[in-house]
Amino acid sequence: MFSKVLIANRGEIALRVARACRELGIGVVAVYSTADRDSAVVRYADESVHIGPEAARDSYLSIPALIEAARRTGATAIHPGYGFLSEDPDFAEVCRENGIVHIGPPAEVIARLGDKPAARTLMAEVGLPMLPGSLGPLPTVAAAQETADEIGYPVIIKAAAGGGGRGMRIVHEADEFAAAYRETAAGAQLLFGDSRVYVERYLPISRHVEIQVLADQYGEVIALGERDCSVQRRHQKLIEESPAPGLPAEVVDRMQQVAVAGAKAAGYVGAGTFEFLLAPDGAFYFMEVNCRIQVEHPVTEMMTGVDLVAEQIRIAAGEPLTVRPPGTRPPGAAIECRINAEDAARGFVPTPGVLTEFVPAGGPFVRVDTHGFPGYRVPAGYDSLLAKLIVWAPTRAEAVRRMDRALAEFRVEGPGVRTTSEFLRDVLHDPEFRSGTHSSDIVGRVLESRKEVLGVSAAAAER
């Protein structure tokens with residue numbers, strides 16, 4: 001096992017990893033930008049190293065600064081968390097070249113699965129179901145338009161190097177396609193330094209379901225159930241839950257089987273997630289593989305009792321898997337809500353500021369992963385995630401009620417600071433969400449309902 005791990009991240013995930021290290025008897029090294037000098041993980045860690053100014057490109061994305069911090073402190077492994085450099089094959093390779101263990105898949109696996117067309121081609125060869133479209137990138141407007149016309153509209157144009165909801169554009173009509181293709185390719189070049197794009201059929205009504213896998217260095221791969229992540233804004237998740245409501249056990253079993261097959265074919269090592277789209281007719285289609293720990297990993301932890309971060313670390317240290325998938329679906333239901341410092345009424349615009357009050361929810365079977373505290377300054381330059389609220393209950397209905405209660409208890413105040421808590425409660429009260437029949441269009445629907453209610457309230461106030 002490692003004697004010391006450097007955490008190349010910030011926020012709640014940095015603190016989450018630090019706690020796993022502490023329980024494993026591993027020394028914790030935190031890194032921080034100027035904006036995060038008083039952060040929770042800096043206070044918690046055994047050592048901390050300043051790696052640059054607030055701008056991420058000069059701190060958390062600076063590979064030389066991170067490697068130097070590891071060398072200076074004697075850290076023999078680096079955990080990248082999620083976001084930032086977590087899926088950067090160059091970072092994994094530089095760690096290896098410097099004799100530092102990258103807690104994640106090997107560089108070549110990250111590169112293979114991070115290239116979406118390459119990943120789609122590999123998974124198709126293994127037998128994972130794919131949406132109609134191109135497996136490889138389409139280098140010209142003409143080739144892409146021909147593919148789109150063949151599969152039928154609407155289609156979605158995706159950047160080959162994209163991810164996390166970035167680098168995608170939906171096209172509803174043929175005469176819109178050429179312009180959309182050029183804009184997506186240009187945007188992909190700007191965002192990722194890679195203009196390649198591919199095209200696949202777009203499902204206007206669908207659900208987003210993902211499978212958690214663990215794989216050791218000896219070829220053993222297991223799946224630990226599914227998470228439904230259909231509540232999203234701008235392709236970014238807001239609520240995740242397990243089990244996926246209304247999804248037959250045989251469909252989950254099939255998803256797990258193909259995810260395990262895909263992970264083995266890719267030579268995967270570590271914790272990873274296979275993401276699928278679920279159509280209204282029950283068919284599911286492969287989307288992508290996330291080569292890192294997911295934001296929503298606590299949902300699986302609450303269902304299975306497996307510490308996924310600790311397992312990541314053990315696997316990276318060369319230990320074989322000792323975790324075994326449950327023989328039957330675990331009992332109960334778990335739900336996670338992401339509490340972001342955002343104003344839902346203004347299109348989820350970030351609301352940075354100083355927290356004057358921060359009181360997390362509590363009670364039985366309630367977990368809060370957060371880096372917030374009274375006096376914490378929510379910075380403008382990073383992701384707006386402030387806390388993750390996770391609950392478990394014997395049934396989904398009870399879990400929804402428990403989450404509603406916990407959100408109502410969670411108090412966050414500060415000049416100009418707003419959070420998504422109220423909006424999340426609106427989603428929980430939506431009849432389709434309550435019945436588990438919602439799809440990925442639910443956020444837009446709930447926003448419209450809120451506008452209608454607010455409009456009526458404002459009109460009544462004027463009278």
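This text goes with the structure placed above it.
In what follows, the accompanying structure is described. Here the structure is a predicted model, which is why all the values come from computation and not from measurement.

The next subject is the sheet that holds strand S11 (residues 236–242). Within a beta sheet, neighbouring strands are joined by backbone hydrogen bonds and run either parallel or antiparallel to one another. Strand order in the open sheet formed by eight strands is S13-S12-S9-S10-S11-S14-S21-S19, and the pairing between neighbours is antiparallel. Two strands close off the open sheet at either side, each with one partner strand: strand S13 (284–290) and strand S19 (366–370). Taken pair by pair, the neighbouring strands of this sheet meet at an average axis angle of 25°, ignoring direction. Where strand S9 (residues 207–215) meets strand S10 (residues 221–233), six bridges bridge the pair, whose relative direction is antiparallel. Looking at the pairing, Val-209 lines up with Asp-228 of S10. Together, strand S12 (270–278) and S13 form the strand contacts of helix H6 (residues 116–126), whose direction differs from that of S13 by roughly 125°. Contacts from helix H9 (residues 249–266) reach S9, S10, S12 and S13 within the one sheet, and its direction differs from that of S10 by about 110°.

Next up on the list: the layout of surface pockets. If you roll a probe as big as a water molecule over the atoms, it shows you where there is empty space left. Roughly 580 Å³ of volume is contained in the second largest pocket. Lining of the second largest pocket is provided by 28 residues; of these, Ser-421, Glu-422, Phe-423, Asp-426 and Arg-450 occupy positions nearest its centre. Listed by contribution, the elements that provide at least two residues to the lining of the second largest pocket are strand S15 (342–343), helix H12 (396–409), strand S22 (411–413), helix H13 (421–429) and helix H15 (442–462). Looking at the lining of the second largest pocket, its residues break down into twelve nonpolar, five polar and eleven charged.

The step from Tyr-153 to Pro-154 runs through a cis peptide bond, and the omega angle for that step is 5°. Position of Pro-154 among the secondary structure elements: in the loop between helix H7 (141–151) and strand S6 (155–163). In the segment running from Ser-242 into Pro-243, the intervening peptide bond is cis, with an omega of 0°. Inspection of the secondary structure assignment puts Pro-243 in the loop between S11 and H9. The phi dihedral of Phe-348 is positive, around 60°, even though this residue is not glycine. Note on placement: Phe-348 falls in the loop between S15 and strand S16 (349–350). By relative accessible area, Phe-348 is classed as buried at 4%.

Quick notes on the rules
- Residues numbered from 1 in each chain as written.
- Predicted model: local features only at pLDDT ≥ 70, side-chain atom pairs only at ≥ 80, totals over all residues.
- Heavy atoms only, no water.
- Pairing = 2+ DSSP bridges.
- Helix = DSSP H or I, 4+ residues; strand = E, 2+ residues; numbered from the N terminus.
- Axes fitted to C-alpha atoms, helices over the stretch in contact; angles between N-to-C directions.
- Contact = heavy atoms within 4.5 Å.
- 1 Å grid on protein atoms, 1.4 Å probe; cavity = no way out; pocket = protein on both sides within 12 Å on 5 of 7 lines; lining within 4 Å.
- Points joined across faces, edges and corners; volume = space filled by probe spheres on them.
- Nonpolar A, V, L, I, M, F, W, Y, C, P; charged D, E, K, R; others polar.
- Buried < 20%, exposed > 50% of the residue type's maximum accessible area, 1.4 Å probe, protein only.

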